[in-house]
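Observations on chain architecture
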Amino acid sequence: MKDHEQETLLQEAWSAAEPPGLPPRFVQRYPASRLVLGSGVIATLAAELAGAGIRRPMVLAGARTRQSNLYAHVMHALQGLPWLDTPPVPAHSSAELVEQLARLALAAQADGFVTVGGGSAADTAKAVAIVMAEGEPLARHAVRFTPPSTLVVPPLLKPKLPILAIPGTASGAEVTASVGVRDASGAKLLLSDPAVAARVVLLDPVANLCVPASLMCTTGMNALAHCIEGLYSRERTPLAEAFALDALARLAYALPAVRRRPGDEAARAQLLYAAHLAGLVLVYARTCLHHALCHVIGSVSGVPHGEANSVMLPHCVAYNAQAAAEPLARAAAALGLDGGPQSLVRALGALQVAAGVPARLRDIGVAERDLDRIAAKGMGERGLYYNPRQVTGADELRSILEAAY
């Protein structure tokens, strides 16, 4: 082939493969995290702590995690090391507990954290690190959103103690800059600080086999939501899309696989890694309407975050389908679909069935009488600021909740 013919073919290929356009301006952060994935990696915990400069960690986990084989592996790996025990971390945690633990950590001279389990343990450690560095009360460091378009993000500039995370769910919370805990009224306080992303993450698929497949699947729907919202968030970077599209394809495979074969180590590894990628999406993007509603559903009804995500995701995607048609079409294509946003909405409904996750709010303990309250409180959530379609009133949120009920 002559040079000019080859050049013509290459030009045609380049034209056919033209990537999506770049945002006119964006900021891309690179977290200083280290991921270790492999069977039995929890046994390296002592060496990983030493490498991160942590000599006296505070260990945080929920009550159910503390009774698990996963936690037993962690306790065995900590033998001979000084560490600080804590009360079990409840679902959604609380500002009161965070401030209590911060005082305990300061008094005991803890120099880092080990989190075991789900997003509540990870978020609690991140919030404790913020309070230790920035001071009490936690609420003064929270992001504040005033409808329709005013967002205030307090700067959190002081160095934070390092966190080593051992995830036991698919939340991906350990690698994000975001923190969510409840205040005394039950409202969700949201904070943002890239310095609290875990320095080290240990993903152990063998240890994860003790985690119920149902929990991995509901929290995996949360990971799926990270990907989709990261694709159309008003604040995102091209790297968010790269992580999101890869994680979407892995999640679409791994969620049904873990449900069908709960003892399959390889399927667990795929789901854990996909959730980690989905968490990284939120390093380079922000969550939107979907997470805003799920935060309020959790704070009002007390339902697990993963279950709320499982129910709400198709409905929130449908709400944003027209405003975010292009990125949602790319999400659909990543799953092998060719029908654009509507085909993605249908596929999410099918995935609910394949993964065995709940699909209605009434089935996860949300009372119909609470829908108005959830809609009203949702109007104060920061996720609305980043949503591609502007929410004009609580009645719109009420309609989404009704459809999901």
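See the structure above.
This structure is a prediction, so every number in the text was calculated from the model and none was measured.

We now examine the overall build of the protein chain. Of regular secondary structure, the protein chain possesses 17 helices and 9 strands. Radius of gyration (C-alpha) of the protein chain: 21 Å, near the 22 Å computed for a compact globule of 405 residues. In terms of principal-axis extent, the alpha carbons of the protein chain reach across some 70 × 60 × 45 Å. When burial is assessed residue by residue, the protein chain has 55% of its 405 residues classed as buried. For the protein chain, the proportion of contacts with a sequence separation of at least 24, taken over those separated by at least 6, is 79%. Counting every atom, the protein chain has about 16700 Å² of accessible surface; 53% of that belongs to carbon and sulfur.

This next bit is on the nonpolar core. Ranked by size, the top nonpolar core spans 84 residues in total, and within it Phe113, Leu138 and Ile228 carry the most contacts. Sorting elements by how many residues they give to this core places helix α8 (residues 213-232) first, with 12 residues. If sequence neighbours within four positions are ignored, Ile228 has contacts with Leu248, Leu313, Val317, Leu328, Leu344 and Leu348. In terms of nonpolar packing, the next biggest core, distinct from the first, is built from 28 residues, Leu293, Val296, Ile374 and Ala375 among them.

With 17 residues, helix α10 (residues 265-281) extends 25 Å from end C-alpha to end C-alpha; this agrees with the ideal 24 Å at 1.5 Å per step. In terms of residue burial, α10 counts as a mostly covered element, since 13 of its 17 residues are buried. The N-capping residue of α10, defined by a side-chain oxygen 2.9 Å from the backbone nitrogen of Ala266, is Asp264.

With respect to the element layout, Thr86 can be found in the loop between α4 (69-77) and α5 (95-108). Among the polar contacts made by the side chain of Thr86, one reaches the main-chain carbonyl oxygen of Val59 at a distance of 2.8 Å.

Hydrogen bonds between backbone atoms are what pair the strands of a sheet, whose relative direction is either parallel or antiparallel. Taken in spatial order, the 5 strands of this open sheet run β1-β9-β6-β3-β2, and their pairing is parallel. At either end of the open sheet lies a strand with only one pairing partner, and these are β1 (34-37) and β2 (57-61). Neighbour to neighbour, the strand axes of the sheet diverge by 15° on average, direction disregarded. When β2 meets strand β3 (residues 112-117), the two strands line up parallel, connected through 5 bridges. Its bridge partner lying in β3, Ala61 is registered against Val116. This element, helix α6 (residues 119-134), spans β2, β3 and β6 (163-167) of the sheet and lies at about 160° to β3.

Taken as a whole and judged by the stated rule, the model has 14 salt bridges. Here Asp264 and Arg261 are joined by a salt bridge, their closest N and O atoms 2.8 Å apart. Residue classification places Asp264 among the partly exposed residues on the basis of a relative accessible area of 21%. Look at Arg261 and you get partly exposed, because its relative accessible area is 32%. The salt bridge partner of Arg398 is Glu402, with a shortest N-O separation of 2.7 Å. Residue Arg398 and its partner Glu402 are located together in helix α17 (residues 394-404), separated by 4 residues, close to a single helical turn. Under the relative-accessibility criterion, Arg398 is labelled buried at 19%. Several salt bridges share partner residues, and in doing so they unite Glu134, Lys160 and Asp193 into one network.

Rules used in this analysis
Residues numbered from 1 in each chain as written. Predicted model: local features only at pLDDT ≥ 70, side-chain atom pairs only at ≥ 80, totals over all residues. Heavy atoms only, no water. Helix = DSSP H or I, 4+ residues; strand = E, 2+ residues; numbered from the N terminus. Rg over C-alpha atoms; globule rule 2.2 N^0.38 Å. Buried < 20%, exposed > 50% of the residue type's maximum accessible area, 1.4 Å probe, protein only. Contact = heavy atoms within 4.5 Å. Areas by Shrake-Rupley, 256 points an atom, 1.4 Å probe, with all protein chains shown as cover. Core = buried A, V, L, I, M, F, W, Y, C linked by side-chain atoms within 4.5 Å. Expected span 1.5 Å × (residues − 1). Polar contact = N/O pair within 3.5 Å; in protein donor to acceptor, adjacent residues only side chain to side chain. Pairing = 2+ DSSP bridges. Axes fitted to C-alpha atoms, helices over the stretch in contact; angles between N-to-C directions. Salt bridge = Lys/Arg side-chain N within 4 Å of Asp/Glu carboxyl O.

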